[in-house]
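# Residue-level structure breakdown
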Amino acid sequence: MEIALETTRMKELAERELDTLSGGQRQRAWIAMALAQDTDILLLDEPTTFLDLTHQIEVLDLLWELNQNQGRTLVMVLHDLNQAGRYADNLVAVKDGRVFAAGKPDVVMTETIVKEVFGLNSRIVPDPVSGTPMCIPIGKHGRK
């Protein structure tokens, strides 16, 4: 448990009640609890939901570090396509409860697949920071 608290930077908050923590701290606490079980695979359902942008990136960076530094396999549901494209090694696009496309981000995140799965016109461009695919949605208010 000690290693899990250190890894998630929660050691100083270990004695606090869960409901007194901020959203980002609470997510890190849940991740620490999962890590304490010492599993090789973590299944995460929307780990960034209800977090402000800073805490979203903090959680995703932590998860990325767990994968890179500890070799843990992470399977997570993310609805933010840009975060998925930047942090994932592989993506799975699901439509009507079935796998529609799966593979590397640059294979799965295409304008055609975004249109087919989400019914949304978009432009896919390289992320200027990571080079991974970045989705720019086009709504009715799109401007040229």
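Criteria and cut-off values
Residues numbered from 1 in each chain as written. Predicted model: local features only at pLDDT ≥ 70, side-chain atom pairs only at ≥ 80, totals over all residues. Heavy atoms only, no water. Core = buried A, V, L, I, M, F, W, Y, C linked by side-chain atoms within 4.5 Å. Buried < 20%, exposed > 50% of the residue type's maximum accessible area, 1.4 Å probe, protein only. Helix = DSSP H or I, 4+ residues; strand = E, 2+ residues; numbered from the N terminus. Contact = heavy atoms within 4.5 Å. Salt bridge = Lys/Arg side-chain N within 4 Å of Asp/Glu carboxyl O. Expected span 1.5 Å × (residues − 1). Arc of directions from axis to C-beta. Polar contact = N/O pair within 3.5 Å; in protein donor to acceptor, adjacent residues only side chain to side chain. Pairing = 2+ DSSP bridges. Right-handed = clockwise from strand over helix to strand, strands pointing away. Axes fitted to C-alpha atoms, helices over the stretch in contact; angles between N-to-C directions. Parallel < 35°, antiparallel > 145°, perpendicular 65-115°, else oblique. Left-handed = near helix turned anticlockwise from the far one by under 90°. Nonpolar A, V, L, I, M, F, W, Y, C, P; charged D, E, K, R; others polar.

Core analysis: the largest hydrophobic core is formed by 16 residues, its most contacted members being Met 10, Ile 31, Leu 35, Leu 63 and Leu 66. Of all elements in the fold, only helix H1 (2-7), helix H2 (23-36), strand E1 (41-45) and helix H3 (53-70) reach the threshold of two or more residues within this core. If we ignore the near neighbours within four places in the chain, the residues touching Ile 31 are Thr 8, Val 59, Leu 62, Leu 63 and Leu 66. With 13 residues, the next largest nonpolar core counts Leu 91, Ala 93, Met 109 and Ile 113 among its residues.

Enumeration according to the criterion identifies 4 salt bridges in this entry. Between Arg 86 and Asp 127 there is a salt bridge whose closest N-O contact spans 2.7 Å. Of this pair, Arg 86 sits in helix H4 (residues 81-87) while Asp 127 sits in the loop between strand E5 (121-126) and strand E6 (133-138), and the two are 41 residues apart along the sequence. Take Arg 86: its relative accessible area is 35%, and that puts it in the partly exposed class.

Turning to H3, a few remarks are in order. Spanning 18 residues, H3 covers 25 Å between terminal C-alpha atoms, matching the ideal 26 Å at 1.5 Å per step. Where H3 is concerned, the buried positions are Gln 56, Val 59, Leu 60, Leu 62, Leu 63 and Leu 66. On an axial view of H3, the arc spanned by its buried residues comes to 150°, and they lie on one face. Along H3, the residues that are exposed and aim more than 90 degrees away from the buried face are Leu 53, Thr 54 and Asn 69. Tucked into the core, H3 has its buried residues touching H1, H2, E1, strand E2 (73-77) and H4. Its side-chain oxygen placed 3.2 Å from the backbone nitrogen of Thr 54, Asp 52 serves as the N-cap of H3. Positive phi shows up at Gly 71, right after H3, with a value of about 70°.

All right, on to the environment of Val 129 then. Along the chain, the position of Val 129 falls in the loop between E5 and E6. With 92 residues separating them in the primary sequence, Val 129 and Gln 37 have C-alpha atoms 34 Å apart.

This part is about the side chain of Arg 72. With respect to the secondary-structure elements, Arg 72 resides in the loop between H3 and E2. Assessed through its relative accessible area of 10%, Arg 72 is described here as buried. At 2.7 Å, the side chain of Arg 72 forms a polar contact with the side chain of Gln 70. When neighbours within four sequence positions are excluded, Arg 72 is seen to be in contact with Leu 35, Asp 38, Thr 39, Asp 40, Leu 66 and Asn 67.

Let's shift gears to the pairing of E1. Residues Leu 42 and Leu 44 of E1 are buried on one face, while the alternating residues Ile 41, Leu 43 and Asp 45, pointing to the opposite face, are not. The pairing of E1 with E2 spans 5 bridges and is classified as parallel. Its bridge partner lying in E2, Leu 43 is registered against Val 75. Taking the sense of rotation as the criterion, the β-α-β connection linking E1, H3 and E2 turns out right-handed.

On to the packing of H2 against H3. Taken N-terminus to C-terminus, the directions of H2 and H3 make an angle of 20°; their axes are 9 Å apart at the nearest point. In terms of orientation, H2 and H3 fall into the roughly parallel class. For the element pair H2 and H3, the recorded crossing hand is right-handed. Contacts between H2 and H3 involve Gly 24, Gln 27, Arg 28, Ile 31 and Leu 35 on the former and, on the latter, His 55, Glu 58, Val 59, Leu 62, Leu 63 and Leu 66. By residue class, the composition of the contact of H2 with H3 is 6 nonpolar, 3 polar and 2 charged.

Just distances and angles here, no functional claims.
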